[in-house]
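# Summary of structural features
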Amino acid sequence: ETGVTQTPRHLVMGMTNKKSLKCEQHLGHNAMYWYKQSAKKPLELMFVYSLEERVENNSVPSRFSPECPNSSHLFLHLHTLQPEDSALYLCASSQDRAGVSYNSPLHFGNGTRLTVT
Amino acid sequence: DQQVKQNSPSLSVQEGRISILNCDYTNSMFDYFLWYKKYPAEGPTFLISISSIKDKNEDGRFTVFLNKSAKHLSLHIVPSQPGDSAVYFCAASPRGDDKIIFGKGTRLHILP
């Protein structure tokens, strides 16, 4: 399998649930990202990992907890979410950190559509 | 306040004609600009980019123009094909910053 794979594709969870989103990249990239896309809003950067080290936390509430066990895998752990957290969550990877290198565009997965009830 | 603006939510163009998608930005520190394309139920895919030292970059049917004085860039697709129907996102980044700022997107419909 190639590219960036996200599971699950769809997730419905209650506000008291704990769930995790999974992302796997098969591109040999060194940087991974979580983005959030809410309805009628631009894509928002949440977290950046470079060589498994978190280098960016874009003022995201603590109910979202990322984990990067190795350079190929990225998780987003969800706990006590709110209905306004319902959105499309996109994982991306790039060869190097996207802002450092012009030749390092983001490769996105197909996203997890999250609904919080 | 949006730093990257795509003021047209949608655009319809006849097949074979030129599609022009526009994007305006407000941050003069942006020095790298990108266009992404997104089909339904898929993630965005990188299309073309341009750095601020250039005013034009071409890749096949796709050309991006950058007007720094006007803080405006545009994506030209010629000739437009049915497979070009998608949402197009404009994005920008300051040098060395991971915060790539995206616009809200423009939905392009190619009409037969």
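Being a predicted model, the structure only gives us computed values, none of them experimental. (Residues numbered from 1 in each chain as written. Chains lettered and ligands numbered in written order. Predicted model: local features only at pLDDT ≥ 70, side-chain atom pairs only at ≥ 80, totals over all residues. Heavy atoms only, no water.)

### Focus: the state of the cysteines
In protein chemistry, a disulfide is the covalent bond that joins the sulfur atoms of two cysteines. Throughout the structure, instances matching the rule amount to two disulfides over all chains. The disulfide partner of cysteine 23 of chain A is cysteine 91 of chain A, and the gap between their sulfur atoms is 1.9 Å. Judged by the sign of its S-S torsion, about -70 degrees, the bond between cysteine 23 of chain A and cysteine 91 of chain A is left-handed. Within this pair, whereas cysteine 23 of chain A is found in strand β3 (residues 18-25), its partner cysteine 91 of chain A is found in strand β9 (residues 87-94), the two being separated by 68 residues in sequence. Through a disulfide, cysteine 23 of chain B is tied to cysteine 90 of chain B; the S-S separation comes to 2.0 Å. Because the torsion about its S-S bond is -75 degrees, the bridge between cysteine 23 of chain B and cysteine 90 of chain B counts as left-handed. Here cysteine 23 of chain B, found in strand β3 (residues 19-25), pairs with cysteine 90 of chain B, found in strand β9 (residues 86-94); they are 67 residues apart in sequence, far enough to count as distant. Take cysteine 23 of chain B: its relative accessible area is 0%, and that puts it in the buried class. For cysteine 90 of chain B, a relative accessible area of 0% puts it in the buried group. (Disulfide = S-S within 2.5 Å. Helix = DSSP H or I, 4+ residues; strand = E, 2+ residues; numbered from the N terminus. Buried < 20%, exposed > 50% of the residue type's maximum accessible area, 1.4 Å probe, protein only.)

### Digging into the pattern of salt bridges
Close approach of charged atoms allows side chains with opposite charge to pair. Under the counting rule described, the total for this entry stands at three salt bridges over all chains. Between arginine 63 of chain A and aspartate 85 of chain A there is a salt bridge whose closest N-O contact spans 2.7 Å. Taken together, the residues span a long stretch of sequence, with arginine 63 of chain A in the loop between β6 (53-57) and β7 (64-70) and aspartate 85 of chain A in the loop between β8 (73-79) and β9 at a distance of 22 residues. A relative accessible area of 22% means that arginine 63 of chain A is categorised as partly exposed. For aspartate 85 of chain A, a relative accessible area of 2% gives the class buried. With a closest N to O distance of 4.0 Å, lysine 37 of chain B and aspartate 84 of chain B form a salt bridge. On the criterion of sequence distance, the pair formed by lysine 37 of chain B in strand β4 (residues 30-38) and aspartate 84 of chain B in the loop between β8 (72-77) and β9 is long-range, its members being 47 residues apart. Residue aspartate 84 of chain B is classed as buried on the basis of its relative accessible area, which comes to 1%. Three or more residues joined by partner-sharing salt bridges are found here, namely Lys37, Arg61 and Asp84 of chain B. (Salt bridge = Lys/Arg side-chain N within 4 Å of Asp/Glu carboxyl O.)

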